[in-house]
Amino acid sequence: MFAILGDSRTVEHNPSDLLREESEAVELVDRWVRHWDEHGFGYWCVRMAGSNRVIGYVGVKRMTVRGSRVLNLVCRLGPDTWGRGLATEAVSAVVSSVASEMPTETILGRVRPGNSASQNVARKAGLQRDTTLDDEGDDGLDWAFTNRKQP
Ligand SMILES: CC(C)(COP(=O)(O)OP(=O)(O)OC[C@H]1O[C@@H](n2cnc3c(N)ncnc32)[C@H](O)[C@@H]1OP(=O)(O)O)[C@@H](O)C(=O)NCCC(=O)NCCS
């Protein structure tokens, strides 16, 4: 996690997520593990098929945004793996897992307006722009993409 979130390329659109010390990564992973203990779901490691090397993480976390209870979707992969369809594959796996195991939940992907790669991933995984959940995040405006049916 420190290799991924300590890399300025990975947090280009979300600079407040940058980790400076390995201890911050340890704290973060502890928090993610506690979320698993409490809710029975959370972030997964992403590995290349046939390899044990962790190339990133993907998953959902319980959150309340603009008064709505949602599952906040996150995906971050190391830069040496970008541009090969891996995020699309990983995010699609999470979206279909939530659809079958927690079908009434709202999945929310919060994406900075300039992060077109991430917006492509959200759309290709079946999420749609949902302006009602646009919100100010730690790094400025976040555009919302959800699995809610649009009017
Ligand atoms: C965003 C991220 C997850 C995409 O991962 P990836 O494995 O490269 O994505 P994919 O290969 O599945 O490609 C997804 C789409 O984005 C496009 N894309 C990839 N890099 C791009 C870039 N730099 N600019 C614009 N589009 C880009 C691809 O062309 C593809 O769309 P297409 O198939 O319609 O052409 C990855 O870059 C990443 O981890 N970035 C840092 C963290 C981050 O920003 N996470 C999202 C926070 S909301």
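What you see is a predicted model, and the numbers here were worked out from it, not measured in a lab.

Let us now look at the overall build of the chain. A count of helices and strands for the chain gives four helices and seven strands. Seen along its three principal axes, the alpha-carbon backbone of the chain occupies a region of about 45 × 30 × 30 Å. With 151 residues in all, the chain has 25% of them scored as buried. In the chain, once contacts between residues fewer than 6 apart in sequence are set aside, the share between residues at least 24 apart is 46%.

So, on to the pairing of strand β1 (residues 43–47). Examined bridge by bridge, β1 and strand β2 (residues 54–65) share five bridges and lie antiparallel to one another. Residue pairing for β2: W44 is matched across the bridge by V58. Between the antiparallel neighbours β1 and β2 lie six residues, among them G50 with a positive phi of about 80 degrees.

By size, the foremost hydrophobic cluster in this structure holds 24 residues, and its most contacted members are V58, L73, A90, V91 and L108. Listed by contribution, the elements that provide at least two residues to this core are β1, β2, β3 (68–77), α3 (86–101), β4 (107–111), α4 (116–124) and β7 (140–146). Not counting residues up to four positions away in its chain, the partners in contact with A90 are V46, V58 and C75.

The local shell around the ligand holds 19 residues, among which W82, A87, T88, A117 and N120 are the closest. Counting residues per element, the ones that place at least two in the shell around the ligand are β3, α3 and α4. By residue number, the principal contributor to the shell around the ligand is α4, which donates five residues.

This part is about the environment of R129. Locating R129 in the fold gives a position in strand β5 (residues 128–129). A tally of 15 C-beta atoms within 10 Å means that R129 is categorised as partly exposed. The sequence separation of R129 and Q150 amounts to 21 residues, and the corresponding C-alpha distance is 8.6 Å. Contacts of R129, omitting those with residues within four sequence positions, involve W143 and F145.

Let us now look at α4. Residues S118, V121 and A122 constitute the buried set of α4. Seen along its axis, α4 keeps its buried residues to an arc of 100 degrees; they face one direction. Where α4 is buried, its residues touch β3, α3, β4 and β7. Within two residues after α4, G126 carries a phi angle of roughly 100 degrees, on the positive side.

Conventions used here
- Residues numbered from 1 in each chain as written.
- Predicted model: local features only at pLDDT ≥ 70, side-chain atom pairs only at ≥ 80, totals over all residues.
- Helix = DSSP H or I, 4+ residues; strand = E, 2+ residues; numbered from the N terminus.
- Buried ≥ 20, exposed ≤ 12 C-beta atoms within 10 Å, placed from the backbone.
- Contact = placed C-beta atoms within 7 Å.
- Pairing = 2+ DSSP bridges.
- Core = buried A, V, L, I, M, F, W, Y, C linked by C-beta atoms within 7 Å.
- Near = placed C-beta within 6 Å.
- Arc of directions from axis to C-beta.

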